[in-house]
Amino acid sequence: MLLHPLVSIVPSCNTSYMYGNDFAPPEDAPGGGLLGEVEAAEAALREAAARARRGGPAPDEDVEAYFADVIDADQKIEPRDWMPEAYRRTLIRQIAQHAHSEIIGMQPEGNWISRAPSLKRKAILLAKVQDEAGHGLYLYAAAETLGISRDELVDLLLDGRQKYSSIFNYPTLTWADVGAIGWLVDGAAIVNQVPLCRCSYGPYARAMIRVCKEESFHQRQGYEILHTLAHGTEAQKAMAQDAVDRWWYPSLAMFGPPDGDSTHSAQSMAWKIKRFSNDELRQRFVDMCVGQAEVLGLTLPDPDLRWNDERQAYDYTQPDYDELMRVIKGNGPCNRERMAHRRKAHADGAWVREAAAAYAAKRSDRKEPVAA
Amino acid sequence: MSRFDFTLAIGDDALIAAQRLGEWTSRAPEMEEDIALANIALDQLGAARLLLTYAGELEGAGRDEDDLAFLRDDREFRNCLLVELPNGDFGVTMAKLFFLAAYQVPLYTALAGCADERLAAVGAKARKESAYHLDHAALWVKRLGDGTEESHRRMQDAVDEVWPYVHELFNPDPAAPVDPSTLRADFDATVSAVLDEATLTRPETGWTPGGGRDGLHTEHLSYLLAEMQVLHRAHPGASW
């Protein structure tokens, strides 16, 4: 339900204009290469659209064969197209989980808006958390193209029948955690999401292109917070290192269980919803972070982290997957708080939503004679 | 009020309003409203930063926006009491925002034409934003006032609760760049029209608390500042 027109308030990445040009990141700072991939995916999307498509199966054609053709040809499935029920369900589950993550993810960072240490940081953080609400909104809209309503999805979240990313069940204990979330959590999210810009389902791919562009600004602002802290007072530097120590392994766990244990992967790969395995993406993230941590002057908390010349990649210690499973099952540090917070906001707002609906109904009643 | 005091006062209004609105993040009745409230908080914060920066320059003691925001105690803040009141339910927040915006629109409009170039520039920018805040809050006052029985009751309670605090906004000050008393007629016209359409009753004027412009606040402000300033003050001299 849309309560009011959004034309003037939907953000188009607030953090980008707030960010300004007052910080020149080093060459291997976040945002560079991956943003290029997002742009390439966007170009590919346009090319796919421009290539002659049959605009739907012929009357006597098998819809399943048509679906397979579209996937094979790297074209996009659109809401009007037939799709296997399992494909639809997988997408709903994945897009909804992503949308829920954006909404729940507002909490750990929102926790520091009131205490941000400068007015500039307060403005950037407010804008960032607002961007997340915006991402949640258009991801719910993408899910709605699959024949489920936002209200239903919100209920599934509130009832605990759909999940959100486990990373948001960790607490933000210091200001540096805001930086660590931006650098590591948003960084991991981008590595995960960039391939989704090429997902076979058109509305999701298009939403991800927009989300990824904004996320790259978020990652940069987190990196900048840590950079400032790491080059500040001893207490600030210690705060930054402590945050990286706490967020490193949970960020690695964001890519999900190791490939052997991942339940949804093979089918999603075949459908081109997913393009790389969990372990491939995790490796890519580690390789990206090592150089960035060096520039920050912070240490990644892994004594076994080292370059492997043969693999042309870093060897690293796996996150604790038992811990991941515990958090997914509801026993992370903040699972209960995050859900209670969301349920309370939803319950507290019920009278407002009812009033808006009643007011709108009165308006349309009054207008009806004119329209008739 | 001197130009410094005036600039500080309206800058503090915007800063404290932003701080309160920011508290709504992830708690709004709808996702769209979460975005809208954050947007309005950002506008207020933006105006606060411009005004506090300029106040620091007028003072000439080398204080910047952060010194003024984070290193003053509650007795040194000059904001009106209206903005520091707790958020209450969504109705109270909308009543506060509606009255604040109905004051800020004519204030910033007048400021846009004042002799001080810096203040005029802030006024020119902020009046467009305030017009949107007024529009947004007025729409909610109407929706809640003319919505359900419960929302009507809550919205009327909110208007009654907040109304006493509006009078302080218009205390005469002929020496200020804009004399606040000249804004009252505009404010009253806006408020009457919206409350009428919302089927709400404009409260009688009785109790008229004040003192914010002299640094005499409610008990709420000190708690708000304790939270806002805690991290900045824990690391004296640090850069962020």
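None of these values were measured; they are calculated from a predicted model.

A. Geometry of the overall build of chain A. When you go through chain A residue by residue, the secondary structure sums to 15 helices and 2 strands. Per-residue burial for chain A yields a buried fraction of 55% across its 372 residues. Restricting to contacts in chain A with at least 6 residues of sequence separation, those with at least 24 account for 78%. Surface accessibility of chain A: about 15,800 Å² in total, with carbon and sulfur atoms responsible for 54%.

B. Structural view of the overall build of chain B. If you tally the helices and strands in chain B, you get 9 helices and 0 strands. For a compact globule of 240 residues, the expected C-alpha radius of gyration is about 18 Å, and chain B comes in at 17 Å, within 12% of that figure. The dimensions of chain B, computed from C-alpha atoms along their principal axes, are 55 × 40 × 30 Å. Burial statistics for chain B: of 240 residues in total, 63% are counted as buried. Across chain B, the fraction of contacts at a sequence separation of at least 24, relative to all contacts at a separation of at least 6, is 77%. Of the accessible surface of chain B, which amounts to about 8,800 Å², a share of 51% is contributed by carbon and sulfur atoms. Here chain B holds 21 positive side-chain charges and 41 negative ones, and the gap between their average locations is 3 Å.

C. Molecular detail of helix 14 (residues 335-348) of chain A. Residue and element names in this part refer to chain A. The first and last C-alpha atoms of helix 14 sit 20 Å apart over 14 residues, in line with the 20 Å expected at 1.5 Å per residue. Along helix 14, the residues classified as buried are Asn335, Arg338, Met339, His341, Arg342 and Ala345. Along the axis of helix 14, the buried positions cluster into a sector of 155°, meaning they face one direction only. Exposed side of helix 14, more than 90 degrees from the buried face: Arg336, Glu337 and Lys344 are the residues found there. Where the residues of helix 14 are buried, they touch helix 4 (85-104), helix 5 (106-110), helix 7 (150-158) and helix 13 (321-331).

D. Quick look at the interface of chain B and chain A. Taken together, the contacts link 51 residues of chain B with 56 residues of chain A. For the pair chain B and chain A, the summed buried surface comes to about 4,700 Å²; carbon and sulfur atoms form 67% of the total. Three residues, B:Met31, B:Glu32 and B:Trp240, lead the burial of chain B against chain A; their summed loss comes to 17% of the area buried on that side. Our count for the chain B to chain A interface comes out at 5 salt bridges.

E. Structural context of the environment of B:Asp179. All names here are of chain B. Structurally, Asp179 is set in the loop between helix 7 (149-162) and helix 8 (184-197). The class for Asp179 is buried, based on a relative accessible area of 16%. When the C-alpha atoms of Asp179 and Ala198 are compared, they prove to be 30 Å apart, with 19 residues separating the residues in sequence. Once residues lying within four places of it in the same chain are set aside, the contact partners of Asp179 are Asn171, Pro172, Asp173 and Pro174. A distance of 3.0 Å separates polar atoms of two side chains, one belonging to Asp179 and the other to Ser181.

F. Spotlight on the confidence of the model for chain A. Residues and elements named next belong to chain A. Chain-level statistics for chain A give a pLDDT mean of 89 and a share of 88% at 70 or above. When the criterion is pLDDT under 50, residues 1-12 qualifies, and its contacts beyond four places in sequence or with other chains add up to 34 contacts. Note that residues 19-28 has pLDDT below 50 and, in this model, 14 contacts with residues that lie over four places away or in other chains.

G. Summary view of a negative patch on the surface. Residue and element names in this part refer to chain A. A cluster of acidic residues, Glu144, Asp151, Glu152 and Asp155, forms a negative patch on the protein surface. Of all the elements, helix 7 adds the most residues to the negative patch, at 3 residues. Mapped onto the secondary structure, Asp155 falls in helix 7. Classification of Asp155 as partly exposed rests on a relative accessible area of 38%.

H. Region of the structure containing the state of the cysteines. A complete count under the given rule lists 0 disulfides over all chains for this structure. The closest cysteine sulfur to the non-disulfide-bonded A:Cys199 is located on A:Cys197, 9.6 Å from its own sulfur.

I. Up close: helix 3 (residues 63-72) of chain A. All names here are of chain A. Every buried residue belonging to helix 3 is among Tyr66, Phe67, Val70 and Ile71, and all of these are buried. The buried residues of helix 3 all sit within an arc of 135° when viewed along its axis, so they share a single face. Set apart from the buried face of helix 3 by more than 90 degrees, the exposed residues are Glu64 and Asp72. Summarising the contacts, the buried residues of helix 3 are in contact with helix 4 and helix 11 (265-270). Once helix 3 ends, the next one or two residues include Asp74, with phi positive near 55°.

J. Region of interest: the packing of aromatic side chains. Scanning the model with the defined rule gives 17 aromatic pairs over all chains in all. With a centroid separation of 5.0 Å and 80° between ring planes, the pair formed by A:Phe67 and A:Tyr87 is classed as edge-to-face. Here A:Tyr87 lies in helix 4 and A:Phe67 lies in helix 3, a separation of 20 residues in the sequence. Geometrically, the ring pair formed by B:Phe98 and B:Phe99 is tilted, given 5.5 Å between the ring centres and 40° between the ring planes. Taken individually, B:Phe98 and B:Phe99 each receive the classification buried, so the pair is uniform in this respect. The structure contains a cluster of three or more aromatic residues connected by ring pairs, namely B:Phe98, B:Phe99, B:Tyr103, B:Trp163, B:Phe170 and B:Phe187.

K. A look at the pattern of salt bridges. On inspection of all chains with the given rule, the structure shows 37 salt bridges over all chains. The closest approach of N and O atoms between A:Asp348 and A:Lys344, which form a salt bridge, is 2.6 Å. Of this pair, A:Asp348 and A:Lys344 both sit in helix 14, 4 residues apart, which is roughly one turn of that helix. Look at A:Asp348 and you get partly exposed, because its relative accessible area is 40%. Among the ionic pairs, A:Arg366 bridges to B:Asp146, the shortest N-O distance being 3.4 Å. Highlighted residues: A:Arg366 in helix 15 (residues 350-371) and B:Asp146 in the loop between helix 6 (117-145) and helix 7, drawn from two different chains.

Conventions we followed
Residues numbered from 1 in each chain as written. Chains lettered and ligands numbered in written order. Predicted model: local features only at pLDDT ≥ 70, side-chain atom pairs only at ≥ 80, totals over all residues. Heavy atoms only, no water. Helix = DSSP H or I, 4+ residues; strand = E, 2+ residues; numbered from the N terminus. Buried < 20%, exposed > 50% of the residue type's maximum accessible area, 1.4 Å probe, protein only. Contact = heavy atoms within 4.5 Å. Areas by Shrake-Rupley, 256 points an atom, 1.4 Å probe, with all protein chains shown as cover. Rg over C-alpha atoms; globule rule 2.2 N^0.38 Å. Lys, Arg positive; Asp, Glu negative; His and termini not counted. Charge placed at Lys NZ, Arg CZ, Asp CG, Glu CD. Expected span 1.5 Å × (residues − 1). Arc of directions from axis to C-beta. Buried area = accessible area lost by both parts, 1.4 Å probe. Salt bridge = Lys/Arg side-chain N within 4 Å of Asp/Glu carboxyl O. Polar contact = N/O pair within 3.5 Å; in protein donor to acceptor, adjacent residues only side chain to side chain. pLDDT = per-residue confidence, 0-100. Patch = residues over 30% accessible without salt bridge, like charges linked within 9 Å, V, L, I, M, F, W, Y side chains within 5 Å. Disulfide = S-S within 2.5 Å. Phe/Tyr/Trp six-rings, centres within 6.5 Å; stacked < 30°, edge-to-face > 60°.

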